[in-house]
Amino acid sequence: MKIGIVCYPTYGGSGVIATELGKALAKQGHIVHFITYSQPVRLDAFAENIFYHEVSVIDYPLFEYPPYELMLTGKMVDVAKYHQLDLLHVHYAIPHASAAWHARMILEKENIRLPFVTTLHGTDITLLGQDRDLEPVINFAIDNSDAVTCVSQWLKKETLKYFKVNKEIKVIPNFINLKNYGPDGETQTLRKQYVRNEKILVHVSNFRPVKRVADAVRVFELIRKKIPAKLILVGDGPDMPKVTALCRALKVCDDIIITGMVRQVEKLLAIGDLFLLPSEEESFGLAALEAMASGVPVIATGSGGIPEVIEHEVCGLLNRTGDIAGMAKNALHILQNEKMLARYRKNARKRAEHFAAEKILPYYFRIYKELMDRG
Ligand code: GMT
């Protein structure tokens, strides 16, 4: 098959999933064309059957807002025609599914068939979907996709709550390449660079308000009052100034390591004892799954699709959003008992196995085949 993949290429779970999916398809011998505005961050491996097409946006003085969606549509049409794509898989309804629909219409006029699969990842539904002007556009894009998937049962329910869609939505949870996670020969050396005998807590995100990174800092402050500990904050984003100011105000800067964006997140996860995910809402929480695959239990909020990923009292503990004291108490409950920590670690890795790439990917491949067979 020749497949076009469209995603947000920057740091974020949807880009990671799209990229890993493309790499897995390429490994099976399919030809994969990524169409994005910059090279996806996890597209690190060279393969002769993976191609990357950059969408560049025209800079014309008349355009106060560059027409990205139209440029993307044009690029989809061009790649589909020239490389004879069999189908497109777009991640995010806006603008990707809308652009794919537009591209499909243009190609139809030339008797070229280009079906497309849309995967909903969360914020396109939960945040953008609440916008009155975008709602009909998202609704249309979902209903006019050839197949629609989403990453959790919770997200499917939310989609059906906010949109009047008739299209069947299949739930395909996110997946993980287990072999890329967990301690390796360098883990102990790396750990020693950060701590002596302190416990390590890790948080990874894009520091958007929905992630509530400030809560992670406050939870850490309470933990550190009881046990020696360090917090590693990985990532960057709009809330970074607020988070830095809070660290200073709480006088915990000496015990908080802010790494900024890191490509090899798995290296830092492997040295962690506990992962903090205090999000307001997560449709899935891929960062938690990455932690679990590394053998790191998770203290999280039980919001959105998180309970579908983290089994409460098995591989992590869940609290209400904003329950800082509760999250700190639960973290200490695990960290202060070595036997329990070891059990939670083991369970975390085991739970991650439910989401192993080789188990989940066939669901996507089946959808592709169905679309091809419909041809
Ligand atoms: O959470 C973000 O800010 C990024 C966003 C994305 O586009 O990657 O994440 C969404 O998709 C991920 C992959 O499916 C999910 O793991 C995240 O839970 C979801 N984020 C939210 O629902 C807030």
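Everything below is about the structure shown above.
Here goes a summary of the coordinates provided.

Quick look at unusual backbone geometry
Part 1 of the reasoning: With omega at -5 degrees, the peptide bond leading from isoleucine 94 into proline 95 counts as cis.
Part 2 of the reasoning: With respect to the helices and strands, proline 95 occurs in helix α3 (residues 93-108).
Part 3 of the reasoning: Phi is positive for arginine 212, close to 50 degrees, though the residue is something other than glycine.
Part 4 of the reasoning: Here arginine 212 is to be found in the loop between β8 (199-204) and α8 (213-226).
Part 5 of the reasoning: Relative accessible area serves as the criterion here: at 26%, arginine 212 is assigned to the partly exposed category.

A short note on the site of the ligand
Part 1 of the reasoning: Residues in close proximity to the ligand total 17 residues, the closest being Ser14, His121, Arg208, Lys211 and Glu282.
Part 2 of the reasoning: One nitrogen or oxygen atom from the side chain of tyrosine 92 is found 3.0 Å from an oxygen atom belonging to the ligand.
Part 3 of the reasoning: Note that an oxygen atom of the ligand is positioned 2.7 Å from one of the side-chain N or O atoms of asparagine 206.
Part 4 of the reasoning: Looking at side-chain class alone, the shell around the ligand contains four nonpolar, nine polar and four charged residues.
Part 5 of the reasoning: Residue contributions to the shell around the ligand reach at least three from each of two domains, namely domain 1 (2-175 + 356-374) and domain 2 (178-355).

With respect to the environment of methionine 71
Part 1 of the reasoning: Along the polypeptide, methionine 71 turns up in helix α2 (residues 68-82).
Part 2 of the reasoning: Along the primary structure methionine 71 and alanine 216 are separated by 145 residues, whereas in three dimensions their C-alpha atoms are 39 Å apart.
Part 3 of the reasoning: The contacts of methionine 71, once residues within four sequence positions are left out, are Val55, Ser56, Val57 and Ile58.

Overview of the packing of helix α13 (residues 324-335) against helix α14 (residues 338-352)
When two helices pack together, their arrangement is captured by the angle between the axes and the distance separating the axes.
Part 1 of the reasoning: Look at α13 against α14: their axes get within 6 Å of each other, and the N-to-C directions meet at 100 degrees. Classified by the angle between their axes, α13 and α14 sit roughly perpendicular to one another. Counting all contacts with α13, which are made through His333, Ile334 and Leu335, the residues of α14 involved are Glu338, Met340, Leu341 and Tyr344.
Part 2 of the reasoning: For the contact of α13 with α14, a count of residues per class yields five nonpolar, one polar and one charged.

Quick notes on the sheet that holds strand β5 (residues 116-120)
Part 1 of the reasoning: Read across the sheet, seven strands follow the order β3-β2-β1-β4-β5-β6-β7 without closing on themselves; strand pairing throughout is parallel. In this open sheet, the two edge strands, each paired with only one partner strand, are β3 (50-54) and β7 (169-171). The mean inter-strand angle of the sheet, taken between neighbouring strand axes irrespective of direction, is 25 degrees.
Part 2 of the reasoning: When strand β4 (residues 87-91) meets β5, the two strands line up parallel, connected through four bridges. In the sheet register, leucine 88 faces β5, and the bridge partner there is phenylalanine 116.
Part 3 of the reasoning: The strands that α3 touches are β1 (2-6), β4 and β5; relative to β5, the one it contacts most, it runs at about 170 degrees.
Part 4 of the reasoning: Contacts between helix α6 (residues 153-162) and the sheet are confined to β5, β6 (147-150) and β7, with β7 contributing the most and set at about 160 degrees to the helix.

A look at the sheet that holds strand β9 (residues 229-234)
Pairing between the strands of a sheet is mediated by backbone hydrogen bonds and can be parallel or antiparallel.
Part 1 of the reasoning: Read from one edge to the other, the open sheet built from six strands follows the order β10-β9-β8-β11-β12-β13, with strand pairing classed as parallel. Strands with a single pairing partner mark the edges of an open sheet, and in this sheet they are β10 (256-260) and β13 (316-319). Ignoring strand direction, the axes of neighbouring strands in this sheet form an average angle of 20 degrees.
Part 2 of the reasoning: As paired strands, strand β12 (residues 298-301) and β13 are joined by four bridges and run parallel to one another. Bridge pairing in β13 places threonine 301 opposite asparagine 319.
Part 3 of the reasoning: Helix-sheet contacts for helix α11 (residues 286-293) involve β8, β11 (274-277) and β12, and the interaxial angle to β11 is about 175 degrees.

Conventions and cut-offs
Residues numbered from 1 in each chain as written. Predicted model: local features only at pLDDT ≥ 70, side-chain atom pairs only at ≥ 80, totals over all residues. Heavy atoms only, no water. Helix = DSSP H or I, 4+ residues; strand = E, 2+ residues; numbered from the N terminus. Buried < 20%, exposed > 50% of the residue type's maximum accessible area, 1.4 Å probe, protein only. Near = heavy atom within 4 Å. Polar contact = N/O pair within 3.5 Å; in protein donor to acceptor, adjacent residues only side chain to side chain. Nonpolar A, V, L, I, M, F, W, Y, C, P; charged D, E, K, R; others polar. Domains from an automatic or database assignment. Contact = heavy atoms within 4.5 Å. Axes fitted to C-alpha atoms, helices over the stretch in contact; angles between N-to-C directions. Parallel < 35°, antiparallel > 145°, perpendicular 65-115°, else oblique. Pairing = 2+ DSSP bridges.

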